[in-house]
Amino acid sequence: MDHIRLGHSGLYVSRLALGTIPFGSGGGFEKIAGLSVDEARRQLDEALSCGVNFLDTANIYSAGDSERVLGEALGTRRDDIILTSKARTSTGEGPNDSGASRYHVTRAVEDSLQRLGTDHLDLLYMHQWDGQTPILETIQTATDLIRAGKVRYWGVSNYSAWQLTKTVYEARQAGLEAPVAQQVYYTPEAREIEYEIIPAARDLGVATFGWSPLGEGLLNGKVRRGKETPSDTRQGAGWPEPHVTDWDRAYDLIELFDEIAGDLGWTIPQVVISWILDRPGVDGTVIAARSFEHFQEDLAAADLTLPQEARDRITLASQQPAYYPLWHRLLNGQDRPEPAETEFYREHQRALDARQDG
């Protein structure tokens, strides 16, 4: 298991993080969760034995029960891992039960620490942008939590590129703690973050970790064209994510992954995760599974190297449109390319050339 330095911090984390959304039960997560403390401990043991030191949870997973289960499963091994959680999303019906305000974030962190049975988080993510709370209030709150020893570092999740950039520069200008990492949705079916979000993070020195590399179960090998998806899976149980804009394209990609997996003797998830881990600007991704066997398969992807020919086939087949201003830069701006975007320029150009040749 490779370990990377997290953004501009001095913290080293494994490139695969153990996601805990399947841990615990309740709070509307019944269709995708339900793992007991013993089952969670089994996954944790396996992850640690493979070199994973990065654990990912959130205060809204199973209404906090995921944190409770993780804390019990972790036991005395707290110092062996880098523990993250998230705040911002609604935890109740009151007017202050959501958001990135000092009031809500401080209370959310204190509640998370109690459920996890620890005195600090190594990394706190703001789970979503708050368009009502002044950004300096959020930054100051994160800084105060760090200075109080309740949090070591902080990051953001699901932010737009301009929101990430504003947060970092407002923090730097004020002499406060800036985010060191972002967590964003990324799969070969959904590559939108390549347009602006990854380049912004690379330029700012912010690490990028993906969440749900298998697209909320879309790419687990059980979703197929013309077939009913099993009801014991996330997609078969009516889970509302992800947002797929072109189902024909999604099915075409799944069939391509299946062909490549068959040729290599791998599983579709292993093909997908291996492709993601070698993407420009991607530091790692979070894996999570209810099935222990599926978790082992996903974990094994860290040791697999996708052949270049297969990688290129996936990249070309999944390439998204060169929206403005990208197409204009391809035509007129390549005499002085932007380093944070260079690989993406090349891929878009190859896709355009392939269409012209075809």
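I will try to describe carefully the structure that is included in this document.

Rules used in this analysis
- Residues numbered from 1 in each chain as written.
- Predicted model: local features only at pLDDT ≥ 70, side-chain atom pairs only at ≥ 80, totals over all residues.
- Heavy atoms only, no water.
- Helix = DSSP H or I, 4+ residues; strand = E, 2+ residues; numbered from the N terminus.
- Rg over C-alpha atoms; globule rule 2.2 N^0.38 Å.
- Buried < 20%, exposed > 50% of the residue type's maximum accessible area, 1.4 Å probe, protein only.
- Areas by Shrake-Rupley, 256 points an atom, 1.4 Å probe, with all protein chains shown as cover.
- Lys, Arg positive; Asp, Glu negative; His and termini not counted.
- Charge placed at Lys NZ, Arg CZ, Asp CG, Glu CD.
- Salt bridge = Lys/Arg side-chain N within 4 Å of Asp/Glu carboxyl O.
- 1 Å grid on protein atoms, 1.4 Å probe; cavity = no way out; pocket = protein on both sides within 12 Å on 5 of 7 lines; lining within 4 Å.
- Points joined across faces, edges and corners; volume = space filled by probe spheres on them.
- Nonpolar A, V, L, I, M, F, W, Y, C, P; charged D, E, K, R; others polar.
- Expected span 1.5 Å × (residues − 1).
- Axes fitted to C-alpha atoms, helices over the stretch in contact; angles between N-to-C directions.
- Parallel < 35°, antiparallel > 145°, perpendicular 65-115°, else oblique.
- Contact = heavy atoms within 4.5 Å.
- Pairing = 2+ DSSP bridges.
- Polar contact = N/O pair within 3.5 Å; in protein donor to acceptor, adjacent residues only side chain to side chain.

### What to know about the overall build of the protein chain
The helix and strand tally for the protein chain stands at 12 helices and 10 strands. Radius of gyration (C-alpha) of the protein chain: 20 Å, near the 21 Å computed for a compact globule of 358 residues. Projected onto the principal axes, the alpha-carbon positions of the protein chain cover approximately 60 × 45 × 35 Å. Sorting the 358 residues of the protein chain into buried and exposed places 55% on the buried side. As presented, the protein chain carries roughly 15700 Å² of accessible surface, and 47% of it is formed by carbon and sulfur atoms. If the 35 positive side-chain charges of the protein chain are averaged to one point and the 54 negative ones to another, these points end up 2 Å apart.

### Considering the pattern of salt bridges
Considering all chains together, one arrives at 25 salt bridges under this definition. The salt bridge involving K86 is made with D56; its shortest N-O contact spans 2.9 Å. Taken as a pair, K86 in strand β5 (residues 82-87) and D56 in strand β4 (residues 54-56) lie far apart in primary sequence, 30 residues in all. Looking at K86, the relative accessible area reads 1%, which means it is buried. Between E194 and R279 there is a salt bridge, and its shortest N-O distance comes to 3.0 Å. One end of the pair, E194, is in the loop between β8 (181-185) and α6 (197-204); the other, R279, is in the loop between α8 (268-277) and β10 (284-287), with 85 residues separating them in the sequence. Among the residues examined, E194 registers a relative accessible area of 6% and is labelled buried. Given the relative accessible area of 6%, R279 is considered buried.

### As for the layout of surface pockets
The calculated volume of the second largest pocket comes to roughly 220 Å³. The wall of the second largest pocket is formed by 14 residues, among which R279, D312, T315, E347 and R350 lie closest to the centre. Mapped onto the lining of the second largest pocket, the elements with two or more residues apiece are α10 (308-317) and α12 (342-357). Residue composition of the lining of the second largest pocket, by class: four nonpolar, three polar and seven charged.

### Quick word on helix α5 (residues 161-174)
Because an α-helix packs 3.6 residues into every turn, residues spaced three or four apart end up facing the same way. The terminal C-alpha atoms of α5, which comprises 14 residues, lie 20 Å apart, in line with the 20 Å expected from a rise of 1.5 Å per residue. After α5 finishes, the residue G175 shows a positive phi value of roughly 70 degrees.

### Observations concerning the packing of α8 against α10
Two numbers describe how α8 lies on α10: the axes approach to 11 Å, and their chain directions differ by 85 degrees. The angle between α8 and α10 falls in the class roughly perpendicular. From α8, V271, S274 and W275 reach across to α10, where they touch R311, I314 and T315. The residue makeup of the contact of α8 with α10, split by class, is three nonpolar, two polar and one charged.

### Here's the deal with the pairing of β10
The alternating pattern of β10 places G284 and V286 on one face and T285 and I287 on the opposite face, and all of these are buried. Of the pairings in the sheet, the one linking strand β3 (residues 16-19) to β10 comprises three bridges and is parallel in character. If you follow L18 over to β10, its bridge partner there is I287. Where strand β9 (residues 207-211) meets β10, two bridges bridge the pair, whose relative direction is parallel. Residue pairing in the sheet places F209 in a bridge with G284 of β10.

### Thoughts on the environment of E259
Looking at where E259 falls in the secondary structure, it is placed in helix α7 (residues 247-264). Sequence separation of E259 and D357 is 98 residues, and the distance between their C-alpha atoms is 24 Å.

### Regarding the side chain of Q270
For Q270, the position within the fold is in helix α8. A polar side-chain atom of Q270 sits 3.1 Å from the main-chain amide nitrogen of T267. Apart from the residues lying within four places of it in its own chain, the contact partners of Q270 are E297, A300, A301 and L304.

What is shown is where atoms sit, not what they do.
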